[in-house]
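# Fold and geometry: a report
Take a look at the letters that make up each chain.
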Amino acid sequence: MPGGILLSREGDIATVTLDNPGKLNALDLAMWKRLGAAMRGLHRDASLRCVVIRGAGDQAFAAGADISEFGKTRSNSRDAKKYGEQLEETMAALAGCRHPIVAMIHGACVGGGLEIVSQCDLRICGTSSRFGVPINRLGLVVGYGEMKGLIDLVGRAAAMEILLEGRILGAAEAKDMGLVNRVVPDDKVEEESTAAARRIAAGAPLVARWHKKFARRLAGGRPVTRAERNEAYACYDTGDFREGVKAFLAKRKPEFRGK
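Here's what I pulled together on the structure shown here. No experiment lies behind these values; they were computed from the predicted model shown.

### Comments concerning the sheet that holds strand β9 (residues 169-170)
What the 4 strands build is an open sheet, ordered β4-β6-β8-β9; its pairing is mixed. Pairing within the sheet leaves two strands with one partner each, and these edge strands are β4 (60-62) and β9. As defined by bridge partners, strand β6 (residues 108-110) adjoins strand β8 (residues 130-132) across 3 bridges and the pair is classed as parallel. Residue Val 110 lies in a different strand from β8, and its bridge partner there is Gly 132.

Right under this line is the structure:
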């Protein structure tokens with residue numbers, strides 16, 4: 001059975017499931033395409049407040065790309081270039097999503113799976129989760145568009161350690177390296193990831209989007225312009241700011257509308 005990308009929604013939280021459990025949720029080319037399309041669609045949905053990405057089942061987030069199809073999709077440089085361009089489009093869609101993204105990580109998270117979570121904003125895994133990019137055993141490289149997310153997340157030195165040694169890291173070492181934000185018992189991964197998504201969704205959505213935008217901009221390295229600095233004050237003209245202050249003073253829960 002071919003793999004798929006499943007979308008579900010509960011209120012203002014969407015869940016994207018990488019669904020190929022027979023291959024530890026490895027992504028074939030069609031899945032990479034559908035994941036990119038799904039993320040672009042979610043980005044356009046202003047009613048959302050958070051996106052959760054997970055693998056089907058509890059054995060793996062994703063075991064990278066589906067190597068069994070490489071004979072058709074990556075057997076030479078010309079085909080590999082087309083494959084790589086699609087993969088980079090998907091990474092760009094993940095990175096460019098305006099909504100906060102929580103990675104719910106069960107089990108193995110390697111290769112392309114780790115590249116996906118490197119584009120997420122929060123990464124929560126179980127104690128038995130495993131991470132790595134053992135690509136040196138396959139004789140192929142991680143392209144610029146794939147490597148950028150990893151370097152942005154953990155820095156050049158740690159990224160080089162991951163890529164050059166090709167080791168598989170346990171959850172504790174992954175947290176020390178900065179690959180994940182939180183390690184919880186395996187049977188609490190879904191509960192904690194869902195709770196994190198709900199905490200995000202309860203906040204002011206425009207503020208979350210601005211913070212994502214500013215963090216992305218600061219990672220670019222170029223000096224921030226005066227106009228960009230001034231954008232940080234736009235929140236004071238929003239209804240959400242007025243609601244937040246009123247709710248705080250009245251000692252009640254705010255009801256943000258994203259306006």
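### Considering the pairing of strand β5 (residues 101-105)
Here β5 lies mainly inside the structure; 5 of its 5 residues are buried. Here β5 shows no split at all, with Ile 101, Ala 103 and Ile 105 on one side and Val 102 and Met 104 on the other all buried. Where strand β3 (residues 50-55) lies against β5, 4 bridges are found, and the strand directions are parallel. In the sheet register, Val 51 faces β5, and the bridge partner there is Ile 101. Judged from the 4 bridges that link them, β5 and strand β7 (residues 122-126) form a sheet pairing that is parallel. Within β7, the residue paired with Met 104 across the bridge is Ile 124.

### Structural notes on the pattern of salt bridges
Within the structure shown, the criterion is met by 18 salt bridges. Between Asp 45 and Arg 9 there is a salt bridge whose closest N-O contact spans 2.7 Å. Of this pair, Asp 45 sits in the loop between α1 (29-44) and β3 while Arg 9 is found in strand β1 (residues 4-10), placing the two residues 36 residues apart along the sequence. Given the relative accessible area of 42%, Arg 9 is considered partly exposed. For Lys 148, the salt bridge is made with Asp 152, and the minimal N-O distance between the two is 2.6 Å. Highlighted residues: Lys 148 and Asp 152, both in helix α5 (residues 144-154), separated by 4 residues, approximately one helical turn. Salt bridges sharing common partners tie together Glu 161, Glu 165, Arg 167 and Glu 173.

### Description of the environment of Asp 152
Given the relative accessible area of 45%, Asp 152 is considered partly exposed. C-alpha of Asp 152 to C-alpha of Glu 191: the two residues are 39 residues apart in sequence and 28 Å apart in space. There is a polar contact of 2.6 Å between the side chain of Asp 152 and the side chain of Lys 148.

### Observations regarding the sheet that holds strand β2 (residues 13-19)
The 6 strands are arranged β1-β2-β3-β5-β7-β10 in an open sheet whose pairing can be described as mixed. Only two strands of the sheet have a single partner each, and these edge strands are β1 and β10 (182-184). Each adjacent strand pair in this sheet contributes to an overall mean axis angle of 20°, direction not counted. Examined bridge by bridge, β1 and β2 share 7 bridges and lie antiparallel to one another. Each bridged residue has a counterpart across the sheet, and for Arg 9 the counterpart in β2 is Ala 14. Those strands touched by α1 are β1, β2, β3 and β5, and its axis lies near 25° from that of β1. This element, helix α8 (residues 189-202), spans β1, β2, β3, β5, β7 and β10 of the sheet and lies at about 175° to β5.

### Some words on the side chain of Arg 209
Turning to its location among the elements, Arg 209 is positioned in helix α9 (residues 205-219). The charged side chain of Arg 209 is buried without a salt bridge, its nearest counter-charge being Asp 45 at 7.3 Å. Sequence-distant contacts of Arg 209, that is, excluding residues within four places in its chain, are made with Ala 46, Leu 48, Arg 98 and His 99.

### Some points on the layout of surface pockets
For the largest pocket, the calculated volume is near 550 Å³. Taken together, 20 residues make up the lining of the largest pocket; nearest its centre are Ala 95, Ser 118, Gln 119, Asp 152 and Arg 216. Of all the secondary structure elements, the ones that give two or more residues to the lining of the largest pocket are α3 (77-96), α5 and α9. By residue class, the composition of the lining of the largest pocket is 7 nonpolar, 6 polar and 7 charged. Lining the second largest pocket are 24 residues, with Gly 64, Ala 65, Ile 67, Gly 111 and Leu 138 positioned closest to its centre. Class assignment for the residues of the lining of the second largest pocket results in 15 nonpolar, 4 polar and 5 charged.

What counts, and where the lines are drawn
- Residues numbered from 1 in each chain as written.
- Predicted model: local features only at pLDDT ≥ 70, side-chain atom pairs only at ≥ 80, totals over all residues.
- Heavy atoms only, no water.
- Pairing = 2+ DSSP bridges.
- Helix = DSSP H or I, 4+ residues; strand = E, 2+ residues; numbered from the N terminus.
- Buried < 20%, exposed > 50% of the residue type's maximum accessible area, 1.4 Å probe, protein only.
- Salt bridge = Lys/Arg side-chain N within 4 Å of Asp/Glu carboxyl O.
- Polar contact = N/O pair within 3.5 Å; in protein donor to acceptor, adjacent residues only side chain to side chain.
- Axes fitted to C-alpha atoms, helices over the stretch in contact; angles between N-to-C directions.
- Contact = heavy atoms within 4.5 Å.
- Lys, Arg positive; Asp, Glu negative; His and termini not counted.
- 1 Å grid on protein atoms, 1.4 Å probe; cavity = no way out; pocket = protein on both sides within 12 Å on 5 of 7 lines; lining within 4 Å.
- Points joined across faces, edges and corners; volume = space filled by probe spheres on them.
- Nonpolar A, V, L, I, M, F, W, Y, C, P; charged D, E, K, R; others polar.

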